[in-house]
Amino acid sequence: MTEHILRMSGITKTFPGVKALQDVNLSVRRGEIHAICGENGAGKSTLMKVLSGVYPHGDYEGEIYFEGKRCEFGGIRDSEHAGIVIIHQELALSPQLSIAENIFLGNERAKRGIIDWNRTNYEAGELMKRVGLRENPTTPISDIGVGKQQLVEIAKALSKEVKLLILDEPTAALNDDDSAHLLDLLRGLRDEGITCVIISHKLNEVTAIADSVTIIRDGRTIETLDMVTDHVTEDRIIAGMVGRALDNRYPPHESKIGEEALRIEDWTVYSPSQPDRKVVDGAALTLRRGEIVGLAGLMGAGRTELAMSLFGRTYGVHISGKVFKDGKPIEIRNVQDAINHGIAYASEDRKRYGLNLIQDIKTNISAAGLKGLARRGWVNDNEEYRVAEQFHKSMNIKAPSVNSVVGQLSGGNQQKVVLSKWIMTEPEVLILDEPTRGIDVGAKYEIYTIINRLADEGKAILVISSELPELLGLCDRIYTLSEGRITGEVSRQEATQESLMRLMTKGQE
Amino acid sequence: MSSISPADVKVGATGDGGAPRQPGKVSLGGMSLNLRSSGIYIAFAAIIVLFSVLTDGALLTPQNISNIIVQNSYVLILAIGMILIIIAGHIDLSVGSVVAVTGALAAVLMVNMGWPWPLALLATLVAGALIGAWQGYWIAYFGIPAFIVTLAGMLLFRALTMTVLGNQGIGPFPDQVRTLANGFTDGYLGNIGLGPLGGADLFSLLIGIVAIAGMVTAQLRTRNARKGYGQSVEPMALFWLKMAAGAAIILFLVVQLARFKNLPWVLVLLAILVLGYSMMANRTVFGRQIYAIGGNLQAAIMSGVKVKSVVFWIFVNMGVLSAVAGIIFAGRLNQAGPTAGDSFELDAIAAAFIGGAAVQGGVGKVVGAITGGLIMAVINNGMSLIGSPSERVMLVKGIVLLAAVAFDVWTKRRAGASR
C-alpha cells in the first residue's frame, strides 16, 4: 500500500441543528488525483473547508493527519503553510491587479517592505510557463478570460510550494477547450509529484483524470474506490451518489393535467461576465396547467439562469428564443411583463432576491401585487392587511401577526411569505427555484402540500431542485439540464435517480 | 449556489415554532413601546424640557416659537425630500447649491426681468424639477452613485449661482413673496381675550381647532376601519390619551402663535407638505416602492418595481423641494445671495438620520425627519438663548448626530443578535 499524504478521520461538523458532516473519513495517497463526488449539499465543500482551516480546529470533531503529522489548523494561513492550497469555485482574484501581483498577493516578493518588481514579474513569468499561461505578467486580471484566471490561481498555489492542491469545481465555468487544458495541466502537476483533490460534478472528467474517488452522501463517506482495481465507471459513481431509500416524505398527489400554459423554444442565454459563453443553449420546455414539472441539473448547469432569463431578462445577455403563452407568442422584456403575463418566479436565494428582511410580513406579501390593492396609486392598507391575514392562515405562516418582521422568521416561514407574495399576483405559471432549500423536514412537507394545491388550482408549475428525491416525489415530468442543454425529458413513472443523474452528467458530444 | 453553507443551514435550525422576539421593545404597564421608532420623540420632548428649564421658559415664548419655525422652515422642507432619497438608499449633497441657484433664478426673473411673481415662482419650481431630472438621469439611468453625481452638482450649481449673481445679491423681492417666506396670516376675524394670556388672533385659534378636529376624525375613521377588518387596535383609553396629547401640543402651539403675530405662512406650507408627503410615503404604491428599493434592491427588481423610474422621480422631487426652499430662503432675506444655502445639505441629511433613517436605507419617516430637524433647531435656538458660543453649538449637534445613529446601529445589532 502506498503512503498516504492526507488522512482525515472521523470528521464531524455541526451547524446549529444540522449535522453537515458525520464521521467522514478521507485518505489521499501521495501523488494521485483524488476525486470527491456527491450530490449538491452532500457536504463536499464543507469537508474541504474543514481541511483548509476555514473552519478552524475545535470547530469540528475528528482528526487530520497531513504528511504523517497531526494538524490543528487555526486558519487558511496555517494550512497553506503546511502546503495545502484550496482553489474555490468562485475565484479569489483581484480584477484590477496584474497577473503577477495576484500570484504574489499576500506573499509579496519584497525586501524590507519594498516590492521588487523585477523579481515579481520574472518569477511570475516562470510560474506562468509551468501552468502554460502565455500572457504578459503585467496584464490586469480583468483582461483575461475565466479559463486563464483559473490558471493564475494554480500558479498562485504553485508559488506557495503546494503539496496538496484542492480544486472545487474547477471546470464548472470553463468551456471545453479550457477544461481540457486544465485537466492536462493537472496530469502534469501529478507527474511533478503534486497531489490533487478535485471536486467535480462532471463524471466524465472524473473517470478520465482521477486515480481514486471518494463518494460522499448526506454528510457521510460512502466509499473510496480505486479507479483501476475497482473498475469504476460513471454508472458506478452515480449508484454511490444517489443510493438512498425513498420514504413517504411527499404528500400523495394525482395531477389533473390540462392545456399547455407556457412553452419556450430554442432559448439561448449568454453569460454577462463572459459574453462568448452560452449558459443556456437552445433549451425547449413545455409547461401544462395542473402539472408539476421538474428541472434537474447539477450546479452550473444553467437552471437558475434559464429561469431568471425567462423571468423578465433578470439574468444574462443576448437572450434569444421564443416564448408562447397559451399557444400565442409573447415578448417578456422585464419583470412587469412577466408578471402581467401571469408568470411568477420564486428565487432560490430568498434573502437576496425574494424578501425585504427589514419589513413586515404584510408588506412583503403585497410587494409584487401592490397594484391590485391600489386605486389610482393609493394603497388600501386595510385590504392589504386582510389579504395578508388570509395568507397568514392559509399558508400556516407561524408568526404572531402579519406585522412581524420577516427577517426574524425561520426559513420555512420566510419561504411561505415568498410563495404568498407570488400567489397574490394570481400567476398561471409558477417557477419555484429550490423551494425547500435550507428548510427543515416538517416545513418541506408543508411546502410540497402547497405546491400540490397550486397545481390542483390549475396553475402550471416548474420546480427547480438539486434534490433528486424531491423531484421524483413531487413532479409529474422531469427535464434534465446539463451544460445549458436540455438532455432529457422523463415521466415520473420512468424516472429513477440513476437515469436522471446519467442525463444530468451527460457531456456534449 | 455552493453545496452547503452555514447561512443556509442555520435557517432550518431555528425551527418553525415559537414566536419571533421583538427586540428593542419595552413594556410599560401593559403598553408596549417600540424604542427604535419612538425614541426620537422622547428625545425631542426631553430636549424641549431641558432647554425650557435652562432658559427659564424663554424657549417656549410666543415670539421664540415663531422664530424657530420661520428660521428653520427651509431646512425642514429639504429634510422631507432628503428622507425619501435616504430611504431609497441614496444621498443628495447638492441641495444647498440648488437652493442658491433657484433663489438666484427667482430673483433674476422677478427683480431684474420684472416677471409677475406667480409666473416667476412657477418657472423657478420647473427649473428645480429640471435640475432634479438632470441628477436623477445620471443616478438612475446612467448608474453613477448619487454621492458622486450630487457632489458634482454641489459644485456645478454653486458655480452657476455665482455666474448669475456675480459677487452681489439681487433684491428686493415683491411683497407677496416676502410674506410667504417671512410673513403671517392676517387677523381676518380680529382678536379675542384669553384671560391672563392676553389677546390672541381668533382666526389662528379657529385653524388650530379645525386641525385638532381633523386629526381626531381621521384617526377615528382609521381606527374604525381597522376594527371593521378585524385588526387589533389600541384600547380606547390609550387612543384618547394619544389624541388628547396631540391636541394639547397643537393647541399650545397655536395659542402661543396667535398671541404673537398669528400663523407664519411657512408653517401652513410646511403642515401641508408634511401631511401630503407622509401620506404619499405610507399610502401610495410609489411611496411603498421607495421603501422596497431601500430595503432590498434585488428583491424590488424581482418583484417588478421599476427601480430606475422611482429613483429618477425622487430626485426630481428633491429638486422641486429645493426650489421651494430656495424661494423661501431668498424671500426671507429679501435678496438672493451667492452664498445662500451653504451647508444646508448637511443639516437636511443630519435631520433625516437623527429622525431615524437607517444608513443602509429602507427605513425612515417624513415625520421623523421633521422631528430630527426640529431637534437640531431647538438645540441651536436654546443654546444661543443661554449664550453658548457657536462652536459649542456645533459640538453638541455633532454629538447628537453621532449618538442618534449609534443608537440606531445598536438596536439593530441587538435585533440581529437575538436571531
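Residues numbered from 1 in each chain as written. Chains lettered and ligands numbered in written order. Predicted model: local features only at pLDDT ≥ 70, side-chain atom pairs only at ≥ 80, totals over all residues.

**Quick word on the nonpolar core**
So, point 1. Ranked by internal contacts, the top residues of the largest apolar core, which has 259 residues, are Ile-451 and Ile-461 of chain A together with Leu-78, Ala-79, Met-82, Ile-83 and Ala-352 of chain B.
So, point 2. At 16 residues, the largest contribution of residues to this core is made by helix H13 (residues 307-333) of chain B.
So, point 3. Each residue touching Ile-451 of chain A, except ones within four places of it in the same chain, is listed here: Ile-292, Leu-432, Pro-435, Ile-461, Val-463 and Leu-474 of chain A. (Core = buried A, V, L, I, M, F, W, Y, C linked by C-beta atoms within 7 Å. Buried ≥ 20, exposed ≤ 12 C-beta atoms within 10 Å, placed from the backbone. Helix = DSSP H or I, 4+ residues; strand = E, 2+ residues; numbered from the N terminus. Contact = placed C-beta atoms within 7 Å.)

**Brief notes about the sheet that holds strand S14 (residues 278-288) of chain A**
Residue and element names in this part refer to chain A.
So, point 1. The strand order across the open sheet built from 4 strands is S14-S13-S16-S17, with neighbouring strands paired in antiparallel fashion. Where the open sheet ends on each side, the last strands, each with one partner, are S14 and strand S17 (328-330). Averaged over all adjacent pairs, the angle separating strand axes in this sheet is 15°, with direction ignored.
So, point 2. Bridge count for strand S13 (residues 260-270) against S14 is 7 bridges, and the pairing is antiparallel. Within S14, the position partnered with Tyr-270 by the bridge is Lys-278.
So, point 3. Where helix H9 (residues 303-310) meets the sheet, its contacts fall on S13, S14 and strand S16 (317-325), and the angle it forms with S14 comes to roughly 70°. (Pairing = 2+ DSSP bridges. Axes fitted to C-alpha atoms, helices over the stretch in contact; angles between N-to-C directions.)

**Topic: the domain arrangement of chain B**
All names here are of chain B.
So, point 1. What the domain assignment reports for chain B is domain 1 (39-183 + 281-411) and domain 2 (189-263).
So, point 2. For domain 1 versus domain 2, the separation of C-alpha centres amounts to 27 Å.
So, point 3. In the side of domain 1 that touches domain 2, the residues fall into 3 nonpolar, 2 polar and no charged. (Domains from an automatic or database assignment. Nonpolar A, V, L, I, M, F, W, Y, C, P; charged D, E, K, R; others polar.)

**Digging into the sheet that holds strand S9 (residues 164-168) of chain A**
Hydrogen bonds between backbone groups are what pair the strands of a sheet, and the pairing can be parallel or antiparallel.
Residues and elements named next belong to chain A.
So, point 1. Taken in spatial order, the 6 strands line up as S6-S9-S10-S3-S11-S12 in an open sheet, and their pairing is mixed. Two strands lie at the open edges of the sheet, namely strand S6 (84-87) and strand S12 (220-226), each paired on one side alone. For this sheet the average axis-to-axis angle between neighbouring strands, irrespective of direction, equals 15°.
So, point 2. Alignment of strand S3 (residues 33-37) against strand S11 (residues 212-217), held across 4 bridges, turns out to be parallel. Looking at the pairing, His-34 lines up with Ser-212 of S11.
So, point 3. Strand contacts of helix H6 (residues 176-191): S3, S9 and strand S10 (195-199), with the helix running at about 150° to S10, the strand carrying the most contacts.

**Things to note about unusual backbone geometry**
So, point 1. Following Gly-171 of chain B, the chain continues into Pro-172 of chain B via a peptide bond in cis, with omega recorded as -5°.
So, point 2. By secondary structure assignment, the location of Pro-172 of chain B is in the loop between helix H6 (146-165) and helix H7 (175-182).
So, point 3. Of note in this structure, Asp-326 of chain A is not a glycine but carries a positive phi near 50°.
So, point 4. Assignment of secondary structure puts Asp-326 of chain A in the loop between S16 and S17.
So, point 5. A count of 14 C-beta atoms within 10 Å places Asp-326 of chain A in the partly exposed class.
So, point 6. Of note in this structure, Ser-343 of chain B is not a glycine but carries a positive phi near 65°.

**Regarding the domain arrangement of chain A**
So, point 1. By the assigned domains, chain A splits into domain 1 (4-242), domain 2 (248-342 + 427-509) and domain 3 (357-426).
So, point 2. Here the C-alpha centroids of domain 1 of chain A and domain 3 of chain A sit 44 Å apart.

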